[in-house]
Amino acid sequence: MSQVDQFESVFRAAVKEVFEYRRIDIANVLIVTDLEAEQARSFKDVVAGFLRFPVADTERQFFVISGDEYKTTSDLLELLASYSPDLICTYRNLHSDAWRFPHSLGEHLDVILQKIDIPVMVLPHPAADYQSEHALQDTTDVMVVTDMHAANDNLINYAAAFTDPAGNLYLTHVEDVRIFERYMDAISKIDVIDTELARKRLGEQLLKEPDDYFHSCAAILQQHHPEMRVNSLVIFSELVAEYRRQIASRKLDLLVLSAKDERQYAMHGVAYPLTVELRHIPLLLI
């Protein structure tokens, strides 16, 4: 390696992302259901009891859409356009029985997530029996899923806003161990690269970047949320299995992740399998 390349590597390694704090207010919440009017109002009461976190300067308002107000996705989009919510709360497979299976989100939710530029909270289906016992009680334990391919400030600001003031906020980054091993297999076939050194240095660098970023997040968040405990988790693992373990072991109340991918119409690649399969606690999709 030339001295110029060495200097550039050292310089690039010294550049670190610094978290920028922004206060998030959730004043108006719109609850989208496929239930009859009376059942929809009961579900609204459950959601209102769950979303007690104190981030709005004024009393939080809850609005509800019942199942008889729309049938098609176009109907629903027109209906949503008549509201100006800060948050949409709904669940998988509206107007469908497919919520019984961990295979899809349903056409209504798919379109909402991509067409509406408003955070969406995906709740356990009210008719399902797979909801965790601790779900929809409070937001004492909140976890953020980051992928470090783009700025995560907005994601973390929302997660902090939804976390109980004296609760636990977990900032996490999971490097997919299968992808890492695939690249290491390719590197092992290049004779001019020391495979073991590459494994060590690449592994360290992949974990160092999110770890440094999370340290900056914790330092700044503590200034604005002094009672909140900000923790970080940066590891190699298998994505869905790891978050299943985290939800079970920590009894998480909310998982926060990015749903948008500016490069495509489809949902963000990390978010989709998690949103489809992790059905037993609320997920906040930004």
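Everything discussed here concerns the structure shown above.
Each value, and the rule that gives it
Counting restarts for each chain: residues are numbered from 1 in the order of the written sequence. Totals for whole chains, interfaces and linings use all residues, but because this is a predicted model, local features are given only for residues with pLDDT of at least 70 and pairs of side-chain atoms are given and counted only at 80 or more. In computing side-chain properties, one takes all heavy atoms of the structure into account and sets aside hydrogens as well as water. Strands are runs of DSSP state E lasting at least 2 residues, helices are runs of H or I lasting at least 4, and numbering of each runs from the N terminus. Exposure is judged per residue with a 1.4 Å probe applied to protein chains only, and the accessible area is read against the type maximum: over 50% gives exposed, under 20% gives buried, and values in between give partly exposed. Two residues qualify as a contact provided that any one of their heavy atoms is within 4.5 Å of a heavy atom in the partner residue. Only the protein chains shown count as cover for residues, and the accessible areas themselves come from Shrake-Rupley with a 1.4 Å probe. Only residues whose relative accessible area exceeds 30% and that take part in no salt bridge are eligible for patches, with like-charged residues grouped when within 9 Å of each other and nonpolar side chains (Val, Leu, Ile, Met, Phe, Trp, Tyr) grouped when within 5 Å. Here, a salt bridge means any side-chain nitrogen of Lys or Arg that lies within 4 Å of a carboxyl oxygen of Asp or Glu. Paired strands, as defined in this entry, are two strands with at least two bridges between them according to DSSP. Orientation is described by lines fitted to C-alpha atoms, with helices fitted over the stretch in contact, and by angles between N-to-C directions that extend from 0 to 180 degrees. Residues enter a nonpolar core if they are buried and are Ala, Val, Leu, Ile, Met, Phe, Trp, Tyr or Cys, with the set joined through side-chain atoms within 4.5 Å. Distance and chemistry together define a polar contact, namely a pair of N or O atoms within 3.5 Å, with one atom able to donate a hydrogen and the other to accept it when in protein, and with adjacent residues in sequence counting only for side-chain atoms on both sides. A helix is expected to reach a length of 1.5 Å times the quantity of its residues less one. Arc definition: it is the arc formed by the directions from the helix axis to the C-beta atoms. Angular relationships are summarised with four words: roughly parallel below 35 degrees, roughly antiparallel beyond 145, roughly perpendicular across 65 to 115, and oblique for the angles in between. Should the near helix be turned anticlockwise from the far one by less than a right angle, the crossing is termed left-handed; should it be turned clockwise, right-handed.

Novice: Residues and numbers for the overall build of the chain, please.
Specialist: Across its full length, the chain holds nine helices and nine strands. Counting over 286 residues, the chain shows a buried share of 47%. Considering only contacts in the chain between residues 6 or more positions apart, those separated by 24 or more positions represent 80%. Carbon and sulfur atoms form 51% of the exposed surface of the chain, whose accessible area is close to 15000 Å².

Novice: For a nonpolar patch on the surface, give the residues involved together with the corresponding values.
Specialist: On the surface, I190, V192 and I193 cluster together into a nonpolar patch covering about 270 Å² of accessible area. Mapped onto the fold, I193 is located in the loop between α6 (177-187) and α7 (195-224).

Novice: Lay out the sheet that holds strand β2 (residues 61-65) with the relevant residues and their values.
Specialist: Read across the sheet, nine strands follow the order β2-β1-β3-β4-β9-β8-β5-β6-β7 without closing on themselves; strand pairing throughout is mixed. Strands at the two margins of the open sheet, each flanked by one partner only, are β2 and β7 (229-237). Adjacent strand axes in the sheet meet at a mean angle of 20 degrees, parallel and antiparallel pairs treated alike. Across six bridges, strand β5 (residues 141-146) lies against strand β6 (residues 168-176) in parallel orientation. Note on β6: the bridge partner recorded for T146 is H173. Those strands touched by helix α2 (residues 37-50) are β1 (28-32), β2, β3 (87-91) and β4 (120-123), and its axis lies near 145 degrees from that of β2.

Novice: Lay out the nonpolar core in plain terms, naming residues and giving numbers.
Specialist: Ranked by internal contacts, the top residues of the largest apolar core, which has 78 residues, are L51, M121, F162 and L255. A total of seven residues in this core trace back to one element, the largest contributor, which is helix α5 (residues 153-162). Each residue touching M121, except ones within four places of it in the same chain, is listed here: F50, L51, L87, I88, C89, T90, F162, L254, P282, L283 and L284.

Novice: Go over the side chain of T33 with me, naming the residues and quoting the values.
Specialist: With respect to the helices and strands, T33 occurs in the loop between β1 and α2. Here the side chain of T33 touches L35 through a polar contact of 3.2 Å, landing on its backbone nitrogen. Within polar-contact distance, the side chain of T33 engages the backbone oxygen of I65 at 2.9 Å. When near neighbours in sequence (up to four residues on either side) are disregarded, T33 contacts A40, F43, V64, I65, S66, G67, Y70, Y91 and L94.

Novice: So what about α2? Which residues, and what values?
Specialist: Between its first and last C-alpha, α2 extends 20 Å over 14 residues, near the 20 Å set by a 1.5 Å rise per residue. If you check which residues of α2 are buried, you get A40, F43, V47 and F50. Projected onto a plane normal to the axis of α2, the buried residues spread over an arc of 70 degrees and lie on a single side. Of the exposed residues in α2, those oriented more than 90 degrees away from the buried face are E38 and D45. Looking at the buried positions of α2, the neighbouring elements they touch are β1, β2, β3 and β4.

Novice: Kindly report on the side chain of E242, identifying the contributing residues and their values.
Specialist: With respect to the secondary-structure elements, E242 resides in helix α8 (residues 239-250). By relative accessible area, E242 is classed as buried at 7%. Within the structure, E242 has its side chain in polar contact with the side chain of R245 (distance 2.6 Å).

Novice: With reference to specific residues and values, describe the packing of α6 against α7.
Specialist: Interaxial distance between α6 and α7 falls to 10 Å at its minimum, and their mutual angle equals 150 degrees. Here α6 is positioned roughly antiparallel relative to α7, judged by the angle of their axes. Of the two elements, α6 crosses α7, and the hand of that crossing is right-handed. Together, F180, E181, M184 and I187 of α6 and T195, A198, R199, L202, G203 and L206 of α7 make up the contact between the two elements.

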